[in-house]
Amino acid sequence: MAARVVFFLIWAARWRFYVLAALVLLAARPAAAQREEAGPPAQDPFGRRPAPVLPGGQYKSHRVFHDFNDSLKCIRLMLEIKATDGSTRRIQTWAPGVVKISYFAPGRVPKADSSMSVVQPPQPVAYETYCNRGCDGPPPAAILKKYGSDVCSGIEVYPDKIAFRVNCQGIIINKKTLAIEIYGDGSGEQPLLSEASAPFRRQPLSTTIQAVADTPPGRIDELNSLGVRFRLQPGERLYGTGARALPLDRRGYRLELYNQAHYGYQNGAQNLNVTLPVVLSSRGYLLLFDHYATGYLDLGKQRLDALEYGAEGLSSLSYFVVTGRSQAEILDRYTALTGRQPLPPRWALGLIQSRFSYRSQAEMLQVADRMHRENFPLDGLVLDLYWFGGVTRQGDFSWDKTNFPDPAGMMRDLQARGVHTLLISEPYVMRTSLYDSLVRTQGLVGITLAGRRPFTVDSFWAGPASILD
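For the structure given in this document, a descriptive report is provided here. Only a predicted model underlies this, so the values are computations on that prediction, with no experimental measurement involved.

**Side note on the overall build of the chain**
Counting its secondary structure elements, the chain contains 8 helices and 23 strands. Evaluated residue by residue, the chain yields a buried proportion of 41% over its 469 residues. Counted over contacts in the chain with a minimum sequence separation of 6, partners at least 24 positions apart contribute 61%. Carbon together with sulfur atoms contributes 55% to the accessible area of the chain, which is approximately 25800 Å² in total.

Here it is as structure tokens:
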């Protein structure tokens with residue numbers, strides 16, 4: 001009996017060891033991202049702790065830039081503030097209900113940065129009839145002569161703050177902290193939006209050239225990173241941020257701004273391919289952070305009363321504040337700022353059938369015939385990767401004539417059935433592709449951080465590849 005008990009204890013201890021070892025191995029696996037097996041990318045830009053925040057400067061001086069038309073109405077306005085630490089802030093009118101706020105780090109020459117999102121140029125100041133602030137109407141000649149042109153821009157300088165009133169918006173800059181408050185249409189005495197502090201910089205790990213060269217790619221942001229933080233009010237709801245399997249109200253989440261594929265997702269997935277650096281508040285304002293760098297939005301997770309944005313590799317930071325009398329007006333002004341997509345053809349709004357990929361011309365025609373027999377009003381069929389390389393030869397960018405012997409004839413046959421053909425392509429050129437050597441020797445792909453050789457994307461789900469630059 002004693003021998004059986006000893007044997008059982010040894011057997012149980014052995015299995016407990018295996019279970020614990022398995023749990024340790026599972027816990028050691030990084031979080032899911034863009035890989036076929038739901039593994040992480042080779043360089044995860046979010047797998048690290050942020051560097052410490054550097055203190056900012058205080059008010060030093062300011063200048064006002066504006067133009068006048070023939071009737072002495074200001075048409076473009078910008079307030080520039082110099083800080084004691086060498087940084088610069090700019091507040092610029094852009095369009096009715098839209099203002100652009102920028103921060104330039106110490107040593108950075110303040111100049112307009114390029115934008116990947118904004119298509120609307122600065123507009124003339126509109127003299128709204130439903131409010132009576134700042135530039136709503138030209139100043140009398142006597143006032144203009146006595147007080148100078150600043151009266152038109154609504155600039156008022158106090159010992160502790162600067163007030164900037166224009167376009168039915170009120171903006172107050174704290175001279176001590178350089179934090180900004182914005183008052184919008186009908187917001188009364190309480191600000192619509194308040195920075196918790198001026199934009200902040202992260203403490204560099206090192207400033208030597210060799211240290212930068214030796215820093216792993218995933219931590220380069222800590223050498224040069226900017227962020228900004230805003231106050232949140234009780235009950236305030238936050239919408240936007242891009243495609244995510246989350247509730248419409250995104251408050252309470254810390255979200256990545258980093259486009260990546262996420263396969264087989266369920267409710268709760270926080271990143272579904274396309275992210276958007278835009279937040280719409282129930283209080284009546286919209287924030288557009290005008291950067292496409294890897295970043296994050298903390299919507300009241302780390303601090304319940306704060307919204308924080310940060311991004312890597314920035315030496316200047318710009319964001320737009322859009323206000324209006326309704327959510328519809330805010331969205332109308334936002335789409336005017338970033339562009340309005342023309343309506344697609346009517347068939348593109350119909351049923352478009354897709355899967356991981358149809359593998360042959362015969363299969364495409366069979367699917368179209370079957371959908372027609374079953375009375376599905378099919379408008380489009382999507383051809384994914386098998387038409388141009390499959391899972392082993394992506395980057396060939398030519399038809400696989402073995403399985404698609406007559407692509408033009410296939411598309412004519414489908415068109416005769418009322419079915420359009422949509423082709424998917426990707427900017428990856430796999431190391432097994434016919435054109436691997438060509439694109440690498442001709443400098444057509446991305447290069448390593450040191451700039452010495454073509455960069456290989458080891459985390460591409462189908463295998464090692466280059467990405468077209």
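Now that the structure is up, let's keep going.
**Here we look at the nonpolar core**
In terms of nonpolar packing, the biggest core is built from 41 residues, with Ile91, Ile173, Leu287, Phe289, Leu307, Tyr309 and Tyr319 touching the most fellow members. In terms of residues, this core owes the most to one element, strand β3 (residues 74-83), which gives 4 residues. When residues no more than four places from it in sequence are discounted, the contact partners of Tyr309 are Leu226, Gly227, Val228, Leu257, Phe289, His291, Tyr296, Leu297, Leu314 and Leu317. Of all hydrophobic cores here, the second largest spans 23 residues; its members include Val367, Trp387, Met430 and Phe460.

**Re helix α5 (residues 327-338)**
In this model α5 runs 16 Å from its N-terminal to its C-terminal C-alpha over 12 residues, within 8% of the 16 Å that 1.5 Å per residue would give. Turning to α5, its buried residues number three or more, namely Glu329, Ile330, Arg333, Tyr334, Leu337 and Thr338. End-on, the buried residues of α5 take up no more than an arc of 160°, which puts them together on one face. Of the residues trailing α5, Gly339 is marked for its positive phi of about 105°.

**Some details on the pattern of salt bridges**
Summed over the entire model, instances satisfying the criterion amount to 14 salt bridges. A salt bridge links Glu329 to Arg333; its shortest N-O distance comes to 3.5 Å. Taken together, the residues span about one helical turn, with Glu329 and Arg333 both in helix α5 at a distance of 4 residues. The same class applies to Glu329 as to Arg333, namely buried. We note a salt bridge from Arg417 to Asp369, for which the minimum N-O separation is 2.8 Å. Within this pair, whereas Arg417 is found in the loop between α7 (407-416) and β21 (420-423), its partner Asp369 is found in helix α6 (residues 361-373), the two being separated by 48 residues in sequence. Given a relative accessible area of 38%, Arg417 falls into the partly exposed group. Judged by its relative accessible area of 29%, Asp369 falls in the partly exposed class. One network of salt bridges, in which partners are shared, links Arg63, Glu80 and Arg90.

**Quick look at a nonpolar patch on the surface**
A surface patch of nonpolar side chains, amounting to about 240 Å² of accessible area, comprises Phe397, Leu444 and Leu468. With respect to the element layout, Leu468 can be found in the segment after β23 (465-467).

**Thoughts on the pairing of strand β8 (residues 169-174)**
Where β8 meets strand β9 (residues 180-183), 4 bridges bridge the pair, whose relative direction is antiparallel. Within β9, the position partnered with Ile171 by the bridge is Ile182. Hairpin geometry of β8 and β9 is characterised by an intervening segment of 5 residues between the two adjacent antiparallel strands and by a positive phi of about 65° at Leu178.

**Here we look at the packing of aromatic side chains**
With the rule as written, the count across this model stands at 13 aromatic pairs. Taking 5.9 Å as the distance between ring centres and 65° as the angle between the ring planes, the aromatic pair formed by Phe356 and Trp461 counts as edge-to-face. Note that Phe356 is positioned in the loop between β19 (351-353) and α6 and Trp461 in the loop between α8 (436-441) and β23, a separation of 105 residues in sequence. On the basis of relative accessibility, which here comes to 13%, the residue Trp461 falls in the buried class. Note on Phe388 and Phe397: the rings are 6.2 Å apart at their centroids and 5° apart in plane angle, and the pair reads as stacked.

**Section: the side chain of Ser316**
Position of Ser316 among the secondary structure elements: in strand β18 (residues 316-323). Within polar-contact distance, the side chain of Ser316 engages the side chain of Arg108 at 3.3 Å.

**Focus on the packing of α6 against α7**
Two elements in contact, α6 and α7, have axes separated by 11 Å at closest approach and are oriented at 0°. Here α6 lies roughly parallel to α7, going by the angle between them. Side by side, α6 and α7 meet where Gln361, Met364, Leu365 and Ala368 of the first sit next to Pro407, Met410, Asp413 and Leu414 of the second.

Parameters at a glance
Residues numbered from 1 in each chain as written. Predicted model: local features only at pLDDT ≥ 70, side-chain atom pairs only at ≥ 80, totals over all residues. Heavy atoms only, no water. Helix = DSSP H or I, 4+ residues; strand = E, 2+ residues; numbered from the N terminus. Buried < 20%, exposed > 50% of the residue type's maximum accessible area, 1.4 Å probe, protein only. Contact = heavy atoms within 4.5 Å. Areas by Shrake-Rupley, 256 points an atom, 1.4 Å probe, with all protein chains shown as cover. Core = buried A, V, L, I, M, F, W, Y, C linked by side-chain atoms within 4.5 Å. Expected span 1.5 Å × (residues − 1). Arc of directions from axis to C-beta. Salt bridge = Lys/Arg side-chain N within 4 Å of Asp/Glu carboxyl O. Patch = residues over 30% accessible without salt bridge, like charges linked within 9 Å, V, L, I, M, F, W, Y side chains within 5 Å. Pairing = 2+ DSSP bridges. Phe/Tyr/Trp six-rings, centres within 6.5 Å; stacked < 30°, edge-to-face > 60°. Polar contact = N/O pair within 3.5 Å; in protein donor to acceptor, adjacent residues only side chain to side chain. Axes fitted to C-alpha atoms, helices over the stretch in contact; angles between N-to-C directions. Parallel < 35°, antiparallel > 145°, perpendicular 65-115°, else oblique.

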